[in-house]
Amino acid sequence: ALPKAPDFLQVGDFNSDGYVDVLAAARGGGALYLLAGDGPGTLRAPQQFELPGQLTALQADDFKQPGKFTSLALGVRTPEGPKALIYNDGLSVEPKAYEMPADVTALAFGQLDDDGITDVAAASMNQVTVIHSASVEIHAAIYCSRHKRLPQRSSVRRAPESLSKTRAAGGVSFIPSLLTEGPICNHRLDQVISSIRLPL
């Protein structure tokens, strides 16, 4: 039995054993509960995975490749502020974390640019933030090799044209920004973020 009634249920391969599992969690809770499948249809006792804050949203990618971890996107309210967490390599592996303008209330996986790799969309208040795929990091590395360095995060107003383009359609602006730890060429690029502000 689960310690709390779940508000979120997701299906996928969350332990990379080739069998379908169930992931459960409660809104506002601080943990995920993995009910591992055995193939014939029996679920094992829940295994608990602690979160760095209170859960506000949970979404799994499509279950397409048995034996490969099914990616997860989470919204959490942490002591440092609201964040989106992306798990690509396992529940025991530290996820990539992205600061959000407000609590994440909904998440979706999909191909949201033209690189053919799955991205994540996160909704918070009247803003949708797209966390683009890791292929952007390759383009950033090329940019760094050509330009040697970029400014600190606080002075970055928009992404370089070689990474992303600012577009507008129907009055809705796409606002690219870079999340970095110091200059991109000396530290890991976390990925490029595009934000869409929606009318209230």
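Here the structure is a predicted model, which means the values were calculated and not measured. (Residues numbered from 1 in each chain as written. Predicted model: local features only at pLDDT ≥ 70, side-chain atom pairs only at ≥ 80, totals over all residues. Heavy atoms only, no water.)

Engineer: I'd like a rundown of a nonpolar patch on the surface, residues and numbers included.
Structural biologist: Residues Val11, Val20 and Phe63 make up a contiguous nonpolar surface patch of roughly 230 Å² in combined accessible area. For Val11, the position within the fold is in strand β1 (residues 8-12). Overall, Val11 belongs to the partly exposed group, its relative accessible area being 48%. (Patch = residues over 30% accessible without salt bridge, like charges linked within 9 Å, V, L, I, M, F, W, Y side chains within 5 Å. Areas by Shrake-Rupley, 256 points an atom, 1.4 Å probe, with all protein chains shown as cover. Salt bridge = Lys/Arg side-chain N within 4 Å of Asp/Glu carboxyl O. Helix = DSSP H or I, 4+ residues; strand = E, 2+ residues; numbered from the N terminus. Buried < 20%, exposed > 50% of the residue type's maximum accessible area, 1.4 Å probe, protein only.)

Engineer: Tell me about the sheet that holds strand β4 (residues 47-50), residues and numbers included.
Structural biologist: In spatial order, the strands read β1-β2-β3-β4; together these four strands make up an open sheet with antiparallel pairing. One side of each edge strand has no neighbouring strand; the edge strands of this open sheet are β1 and β4. Neighbouring strand axes in the sheet, compared pairwise and without regard to direction, differ in orientation by 25° on average. The sheet contact formed by strand β2 (residues 21-25) and strand β3 (residues 31-35) spans three bridges and is antiparallel. Opposite Val22, over in β3, you have Leu35 as the bridge partner. (Pairing = 2+ DSSP bridges. Axes fitted to C-alpha atoms, helices over the stretch in contact; angles between N-to-C directions.)

Engineer: Tell me about the nonpolar core, and please be specific about residues and values.
Structural biologist: Membership of the largest hydrophobic core comes to 18 residues, with the highest contact counts inside it found for Leu32, Leu55, Leu58, Leu72, Leu74 and Leu91. Going through the elements one at a time, β2, β3, β5 (54-60), β6 (72-78) and β7 (81-87) are the ones with two or more residues in this core. Ranked by size, the runner-up nonpolar core spans 11 residues in total, among them Ala73, Ala84, Leu107 and Val120. (Core = buried A, V, L, I, M, F, W, Y, C linked by side-chain atoms within 4.5 Å.)

Engineer: Explain the side chain of Ser124 to me, using residue names and the numbers behind them.
Structural biologist: Tracing the sequence through the fold places Ser124 in strand β10 (residues 119-124). For Ser124, a relative accessible area of 1% gives the class buried. With residues near it in sequence (within four places) discarded, Ser124 still touches Pro101, Ala102, Asp103 and Val104. (Contact = heavy atoms within 4.5 Å.)

Engineer: I'd like a rundown of the pattern of salt bridges, residues and numbers included.
Structural biologist: Under the definition given, this model contains two salt bridges. The shortest N-O distance in the salt bridge between Arg77 and Asp103 comes to 2.7 Å. Pair noted here: Arg77 is in strand β6 and Asp103 is in the loop between β8 (96-99) and β9 (106-110), with a separation of 26 residues, a long-range link. Take Arg77: its relative accessible area is 36%, and that puts it in the partly exposed class. A salt bridge links Lys83 to Glu80; the nearest nitrogen and oxygen atoms lie 4.0 Å apart. By relative accessible area, Glu80 is classed as exposed at 62%.

Engineer: Would you mind going over the pairing of β3 in detail, with residue names and values included?
Structural biologist: For β3, a buried count of five out of five residues is recorded, marking the element as mostly surrounded by other parts of the structure. Neither face of β3 is exposed, since Ala31, Tyr33 and Leu35 on one face and Leu32 and Leu34 on the opposite face are all buried. Between the end of β2 and the start of β3, which pair antiparallel, lie five residues, with Gly28 showing a positive phi angle near 85°. Examined bridge by bridge, β3 and β4 share four bridges and lie antiparallel to one another. Within β4, the position partnered with Ala31 by the bridge is Glu50.

Engineer: Now, about the environment of Asp21: what can you tell me, with residues and values included?
Structural biologist: As for its position among the elements, Asp21 is in strand β2. Classification of Asp21 as buried rests on a relative accessible area of 0%. Along the backbone, Asp21 and Leu34 are 13 residues apart, and their C-alpha atoms lie at a distance of 7.2 Å. The contacts of Asp21, once residues within four sequence positions are left out, are Gln10, Val11, Gly12, Asp13, Phe14, Asn15, Leu34, Leu35, Ala36 and Gly37. Within the structure, the side chain of Asp21 is placed 2.8 Å from the backbone nitrogen of Phe14, a separation counted as a polar contact. At a separation of 2.8 Å, a polar atom in the side chain of Asp21 contacts the main-chain amide nitrogen of Gly37. (Polar contact = N/O pair within 3.5 Å; in protein donor to acceptor, adjacent residues only side chain to side chain.)

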